[in-house]
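One letter stands for each residue in the lines below.
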Amino acid sequence: MTLLKDDPLTPLAFSVNENKGVFAVLLGSGLSRTAGIPTGWEITLDLVRRVAAAQGVTAQPDWSAWYRGRTGQEPNYSDLLEEIAHSPDERRAILHRYIEPDAQEREDGRKIPTKAHQAIAQMVRSGHIRVIVTTNFDRLMENALREQGIEPTVVASADALAGAEPLTHSRCYLLKLHGDYKDARILNTDQELSAYPESYNRLLDRILDEHGLIISGWSGEWDHALRAAFLRAPNRRYPVYWAARGALGGGAQELAAHRAAKTIPIAGADEFFQALQQRVETLEQSQRQNPQSIDLLVNSTKRYLAKPEYRIQLDELFAQETERVMAQLDGDQFPPHGSWDRNEFRSRVQRYEALAEPLARMTGVLGRWGDGHELPMVLDILRGLYLQAEKVGNGMTIWLGLRSYPAVLVFTAYGIGLARSQRWQTLHALLSAAWPQKYRDSQRVVSMLFLDAWKGPESRVWKELEGLDRRKTALSDHLLDVMTNWRSSFTGVSAEFELVFERFEMLATLVYLEENSEEALGQAAASHHNIFARMPVGRLAWHETSATLLIQELQTEATITALLQAGFARNSRRFLELFIENFKRYANEMAWR
């Protein structure tokens, strides 16, 4: 047994995800039937009923049998419509009542976009589908697209095609082969459907040649011009998937064989397109950025950073990557609503890390090899990411707080790069930089993005990550794991990376404490036997070996001089001593937890 036995949907989802924008969708009347819009056959029988009623005929159990007995012919939609209405305008008016919902139908949820339409629109929004071809007159597909904020290029006539945006430039190209029910130029008789305008044929030939195809709700039997387009299509460069309830008819089987189409049995269009969209989204979310493309961005950063004349290119490189991250923050993979779920939390953390990894690695390079001129750009990036996250104010608290996690990752990578190169002045400037607040006094970067000072999920939530359930400082430990995986871009593979990380955290904690005056700290230290000032402390508080080394380092004359000159500890030796004392008390308390 193979892994994908009896599962044709997963290969399709892989094809759609890996070939973004390559697949077109062909929709027939069966898709709209779920919305309560009748098929051509149902409209035909209803027209028979209404004509008979106008002639005084009482209700019949089988109108098709009655029609055959009366005329000697099978009921034919085209023939009947031509008999009743002699002009396109008249035919359009008749169709209107079958397609446009009245007030009661809207209230009942009929004749409005179905789950299938909505799922297709979501795949258009994510960029996986760009071309939709339909034989339907209704506007369900357009309405679903507009609900997703997408204004499609709609072609419903040869005239519209002549003035339409080119296929290659359109975010969503909707070709309505038989026209629109509000346009008098609809095609619905056998004669009208026997051949398309030459401009339609050229467009169809291009779509069928250059795109894969997903077919749903189309019988493949009656649309002669569309069948002819299938049969003359020369290439099979991309596959065709035909989703159908039950076996394909004879005409559809001929087309499927000609295009080597893969048939997918479905229970209904809603279930099929919803499942497809969800699997495509899952694949998109689980796919981290190509490592080669990350290496290219990192190497480009190093190259541009090396020469002052490339400052413009460097700025543009970071602007493009920042815009990419910001755009995806509002994507479907990070919905703000939904109940708490540990697996979802773990998955979101991984997705945010995959999203932020290129930018964080690039920013780490700036920290390691920059000269200080890059700091304003980094601060703009951090504030931009954070403000983008803050634009969504409604949802579950944990999901809302986690939205600014990419800013934390970028901040941490840059800070570690600075610590690795011992650029103490720029590090202090980063940590103490003002962070404007809309309705209150300004904060500082360290008060917004560092460990527990960050408004993200509280400490205990990070213990839900795999392997961190017994950790005292789960967020700090996890950040070390993440940065260890990324460190080759900006710190090399030094065996002392853990110490570099912890040195960064200790100095960030010191800057956080600088919100207090030396006098206030001295008084608090004298009056308290335990911790006398709150400050966020990472893994160093329990990691005794590193703590001992770094405290000894903070007490050497060379380090004291370097840090005080850079602005740390309010330029005061006494302040630095008070910090060390408060830190030791934190470590002592954590030892008992």
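Criteria and thresholds
- Residues numbered from 1 in each chain as written.
- Predicted model: local features only at pLDDT ≥ 70, side-chain atom pairs only at ≥ 80, totals over all residues.
- Heavy atoms only, no water.
- Pairing = 2+ DSSP bridges.
- Helix = DSSP H or I, 4+ residues; strand = E, 2+ residues; numbered from the N terminus.
- Axes fitted to C-alpha atoms, helices over the stretch in contact; angles between N-to-C directions.
- Contact = heavy atoms within 4.5 Å.
- Salt bridge = Lys/Arg side-chain N within 4 Å of Asp/Glu carboxyl O.
- Buried < 20%, exposed > 50% of the residue type's maximum accessible area, 1.4 Å probe, protein only.
- Polar contact = N/O pair within 3.5 Å; in protein donor to acceptor, adjacent residues only side chain to side chain.
- Core = buried A, V, L, I, M, F, W, Y, C linked by side-chain atoms within 4.5 Å.

A. Expanded view of the sheet that holds strand S6 (residues 240-244). The 7 strands lie next to each other as S3-S4-S2-S1-S5-S6-S7, forming an open sheet whose pairing is parallel. The open sheet is flanked by strand S3 (153-155) and strand S7 (262-265), the only strands paired with a single partner. When strand polarity is set aside, the average angle formed by the axes of neighbouring strands in this sheet is 20°. Taken together, the 3 bridges between S3 and strand S4 (residues 173-176) define a ladder with parallel strand orientation. Bridge pairing links Thr-153 to Tyr-173 in S4. Contacts from helix H12 (residues 198-210) reach strand S1 (23-27), strand S2 (129-134), S3, S4 and strand S5 (212-216), with the element oriented near 125° to S4.

B. Molecular detail of the pattern of salt bridges. Tallied over the entire structure, the rule returns 30 salt bridges. For Arg-361, the salt bridge identified is with Glu-357, shortest N-O distance 2.9 Å. Here the residue Arg-361 and the residue Glu-357 both occupy positions in helix H18 (residues 342-369), the gap between them amounting to 4 residues, near one helical turn. Neither residue differs from the other here; Arg-361 and Glu-357 are each classed as buried. Arg-539 is paired through a salt bridge with Asp-477; the nearest N and O atoms lie 2.9 Å apart. With a gap of 62 residues between them, Arg-539 in the loop between helix H27 (518-527) and helix H28 (544-554) and Asp-477 in helix H25 (residues 474-486) connect regions that are remote in the sequence. Like Asp-477, Arg-539 is buried. One network of salt bridges, with partners in common, ties together Arg-471, Asp-477, Glu-498, Glu-502 and Arg-539.

C. Local environment of the environment of Ser-447. In this structure, Ser-447 sits in helix H23 (residues 445-449). Since its relative accessible area comes to 9%, Ser-447 is described here as buried. For the pair Ser-447 and Ala-306, spaced 141 residues apart in sequence, the C-alpha separation works out to 32 Å. Beyond its immediate chain neighbours, meaning those up to four positions away, Ser-447 contacts Ala-453, Tyr-512 and Glu-515. At 2.5 Å, the side chain of Ser-447 forms a polar contact with the side chain of Glu-515.

D. Broad picture of the nonpolar core. In this structure, Tyr-405, Leu-430, Leu-449, Trp-462 and Phe-568 are the most contacted members of the largest nonpolar core, which totals 108 residues. Here this core gets 12 residues from one element, more than from any other, and that element is helix H26 (residues 497-513). Setting aside its immediate chain neighbours within four residues, Phe-568 contacts Trp-424, Leu-427, His-428, Leu-431, Leu-507, Leu-510, Val-511, Glu-514 and Leu-563. In terms of nonpolar packing, the next biggest core, distinct from the first, is built from 33 residues, Ala-116, Ala-119, Met-141 and Cys-172 among them.

It is worth stressing that arrangement in space is one thing and function is another; only the former is reported here.
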